[in-house]
Amino acid sequence: KQEVTQIPAALSVPEGENLVLNCSFTDSAIYNLQWFRQDPGKGLTSLLLIQSSQREQTSGRLNASLDKSSGRSTLYIAASQPGDSATYLCAARSGSARQLTFGSGTQLTVLP
Amino acid sequence: GAGVSQSPSNKVTEKGKDVELRCDPISGHTALYWYRQRLGQGLEFLIYFQGNSAPDKSGLPSDRFSAERTGESVSTLTIQRTQQEDSAVYLCASSLESGRVGSGANVLTFGAGSRLTVL
């Protein structure tokens, strides 16, 4: 059974800093891994999806990497802004399953 | 529609009552998922629908929970004899197609959720 862990649970940084959020998964036979952000009282917004054959994906100031052999993914946020404050969730889809298994998230606060 | 729509956005009910939650996926999305998120916790998978295939019900916590989907359109999640521990936000998501590699095909789009409070 796939298990997904995110560290740290919460992170507070000053505006402008570059930061890295970590995600680890137990079953390396993943199909893809997806990063989401969740704002209070709202649903999830997809940020990046990395297929199992890919090493990284980039969108604007966001870069997500995937290392299946070590069971890890990272989300890099460059030049953080207060608007980046949200909970970031990673989710892995195992090759044998259809559903995504979510981590518990990292709550990010970017201080102005 | 432009996004995934869920209704009601908020539901307060008394213990023991039945509730029905509705999800309208993005038109053309063949895969539909239900997740539950309790306060301060991560997302728990409940059920998955893919086209006309038999749904994956492996995440449903008890037989009080059931879900239906008509073709590739609306889905309803029904909770019978609600309990206080059922209080949570119920999130629905859809994707264009699951199980195949393709540009954006596997990206899940979530609705805003239905917040259920059982008194």
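Everything that follows concerns the structure shown earlier in this document.
Residues numbered from 1 in each chain as written. Chains lettered and ligands numbered in written order. Predicted model: local features only at pLDDT ≥ 70, side-chain atom pairs only at ≥ 80, totals over all residues. Heavy atoms only, no water.

Could you give an account of the sheet that holds strand β7 (residues 75–79) of chain B, naming the residues involved and the relevant values?
Residues and elements named next belong to chain B. The four strands are arranged β1-β3-β7-β6 in an open sheet whose pairing can be described as antiparallel. Only two strands of the sheet have a single partner each, and these edge strands are β1 (5–7) and β6 (65–69). Across the sheet, the mean angle from the axis of one strand to that of its neighbour is 15°, orientation sign disregarded. Sheet analysis places β1 next to strand β3 (residues 19–24), joined by three bridges and oriented antiparallel. Its bridge partner being in β3, Ser-7 is matched across the sheet by Arg-22. (Pairing = 2+ DSSP bridges. Helix = DSSP H or I, 4+ residues; strand = E, 2+ residues; numbered from the N terminus. Axes fitted to C-alpha atoms, helices over the stretch in contact; angles between N-to-C directions.)

Tell me about the pattern of salt bridges, and please be specific about residues and values.
Scanning the model with the defined rule gives six salt bridges over all chains in all. Asp-39 of chain A is paired through a salt bridge with Arg-37 of chain A; the nearest N and O atoms lie 2.7 Å apart. Its salt-bridge partner being Arg-64 of chain B, residue Asp-86 of chain B comes within 2.8 Å of it at the nearest N-O pair. Separated by 22 residues along the polypeptide, Asp-86 of chain B in the loop between β7 and β8 (88–95) and Arg-64 of chain B in the loop between β5 (43–50) and β6 bring together distant segments of the chain. The buried category is assigned to Arg-64 of chain B, whose relative accessible area is 12%. (Salt bridge = Lys/Arg side-chain N within 4 Å of Asp/Glu carboxyl O. Buried < 20%, exposed > 50% of the residue type's maximum accessible area, 1.4 Å probe, protein only.)

Describe in detail the state of the cysteines, supporting the description with residues and values.
Evaluated as defined, the whole model comprises two disulfides over all chains. The disulfide bridge from Cys-23 of chain A ends at Cys-90 of chain A, spanning 2.0 Å between sulfur atoms. Between Cys-23 of chain A and Cys-90 of chain A the sulfur-sulfur dihedral comes to about 75°; the bridge is accordingly right-handed. Residue Cys-23 of chain A is located in strand β3 (residues 19–25), and its partner Cys-90 of chain A is located in strand β9 (residues 86–94); the two are separated by 67 residues in the primary sequence. The residues Cys-23 of chain A and Cys-90 of chain A share a single accessibility class, namely buried. Bridging Cys-23 of chain B to Cys-92 of chain B, the disulfide has an S-S length of 1.9 Å. One disulfide, between Cys-23 of chain B and Cys-92 of chain B, carries an S-S torsion of -65° and so falls in the left-handed class. Taken together, the positions of Cys-23 of chain B in strand β3 and Cys-92 of chain B in strand β8 put the pair 69 residues apart, joining distant regions of the chain. Here Cys-23 of chain B falls in the buried class, since its relative accessible area comes to 0%. (Disulfide = S-S within 2.5 Å.)

Please set out the sheet that holds strand β8 (residues 72–77) of chain A residue by residue, giving values where relevant.
Residue and element names in this part refer to chain A. One open sheet accounts for five strands, arranged β1-β3-β8-β7-β6; its pairing is antiparallel. Two strands in the sheet have a free side with no partner beyond their single neighbour: β1 (4–7) and β6 (56–59). On average, each strand axis in the sheet is tilted by 15° relative to the strand beside it, whichever way the strands run. With four bridges joining them, β1 and β3 adopt antiparallel strand pairing.

I'd like a rundown of the nonpolar core, residues and numbers included.
The biggest cluster of nonpolar side chains holds 22 residues, and the ones touching the most others in it are Leu-33, Trp-35, Leu-75, Ile-77, Tyr-88 and Leu-108 of chain A. Contributions of two or more residues to this core are made by β3, β4 (30–38), β5 (44–51), β7 (62–67), β8, β9 and β11 (106–111) of chain A. If we ignore the near neighbours within four places in the chain, the residues touching Tyr-88 of chain A are Gln-6, Leu-21, Phe-36, Arg-37, Leu-47, Leu-75, Ile-77, Gly-105, Thr-106 and Leu-108 of chain A. By size, the runner-up hydrophobic cluster in this structure holds 20 residues, among which are Ile-26, Trp-34, Phe-49 and Tyr-90 of chain B. (Core = buried A, V, L, I, M, F, W, Y, C linked by side-chain atoms within 4.5 Å. Contact = heavy atoms within 4.5 Å.)

Read these as spatial facts, not as claims about activity.
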